Amino acid sequence: MTVHRFQHTIGNQAYQIEVTQVSNRWRAQIRRMPGMPTAVMPFYGATPAEAADQLGQWLSLAHNRQVAQSD
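Treat the numbers as computed from the prediction; the structure is a model and nothing was measured.

1. Some points on the packing of aromatic side chains
Turning to step 1, where the next piece is worked out: Counted under the stated rule, the structure contains one aromatic pair.
Turning to step 2, where the next piece is worked out: A cation sits over an aromatic face here: Arg25 above Tyr44, 4.0 Å from the ring centre.

As structure tokens, then:
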């Protein structure tokens with residue numbers, strides 16, 4: 001199985017994203033790390049980069065919403 005890895009930095013936090021092929025599409029999820037919860041749903045795309053970008057965009061939106069609520 002081929003695993004593509006991407007890193008997105010959002011709000012000074014580095015997120016490692018792993019993308020694997022599932023049938024005819026690619027699934028992106030946050031890389032499982034010891035002690036780190038991974039309750040975020042996977043995102044799918046036609047290419048590894050597209051799937052990773054969709055997850056990165058969602059993480060960015062979630063971060064921006066959290067920052068706005070704390071102000």
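Okay, back to it.
2. Some details on the environment of Ala46
Turning to step 1, where the next piece is worked out: Note that Ala46 resides in the loop between strand S4 (43–45) and helix H1 (48–70).
Turning to step 2, where the next piece is worked out: Sequence separation between Ala46 and Trp26 is 20 residues, and the spatial gap between their C-alpha atoms is 6.1 Å.

3. Considerations on the nonpolar core
Turning to step 1, where the next piece is worked out: If you look at the biggest cluster of nonpolar residues, it comprises twelve residues: Ile10, Tyr15, Ile17, Val19, Trp26, Ala28, Ile30, Phe43, Ala51, Ala52, Leu55 and Leu59.
Turning to step 2, where the next piece is worked out: Listed by contribution, the elements that provide at least two residues to this core are strand S2 (13–22), strand S3 (25–30) and H1.
Turning to step 3, where the next piece is worked out: Non-local contacts of Ala28, meaning those with residues more than four positions away in its chain, are made with Ile17, Glu18, Val19, Pro42, Phe43, Ala51, Ala52 and Leu55.

4. Some words on the pairing of S2
Turning to step 1, where the next piece is worked out: Here strand S1 (residues 3–10) pairs with S2 via eight bridges, running antiparallel. In the strand pairing of S2, His8 is matched with Tyr15.
Turning to step 2, where the next piece is worked out: Connecting S1 to the next strand, S2, in antiparallel fashion are two residues, including Gly11 with a positive phi near 55°.
Turning to step 3, where the next piece is worked out: As paired elements, S2 and S3 share six bridges and run antiparallel to each other. Its bridge partner being in S3, Val19 is matched across the sheet by Ala28.
Turning to step 4, where the next piece is worked out: Following S2, the chain reverses through two residues before pairing antiparallel with S3; Ser23 in that reversal takes a positive phi of roughly 60°.

Conventions and cut-offs
- Residues numbered from 1 in each chain as written.
- Predicted model: local features only at pLDDT ≥ 70, side-chain atom pairs only at ≥ 80, totals over all residues.
- Heavy atoms only, no water.
- Phe/Tyr/Trp six-rings, centres within 6.5 Å; stacked < 30°, edge-to-face > 60°.
- Lys NZ or Arg CZ within 6 Å of the ring centre and 35° of its normal.
- Helix = DSSP H or I, 4+ residues; strand = E, 2+ residues; numbered from the N terminus.
- Core = buried A, V, L, I, M, F, W, Y, C linked by side-chain atoms within 4.5 Å.
- Buried < 20%, exposed > 50% of the residue type's maximum accessible area, 1.4 Å probe, protein only.
- Contact = heavy atoms within 4.5 Å.
- Pairing = 2+ DSSP bridges.

From the geometry alone we can't say anything about function, so treat these as descriptive.
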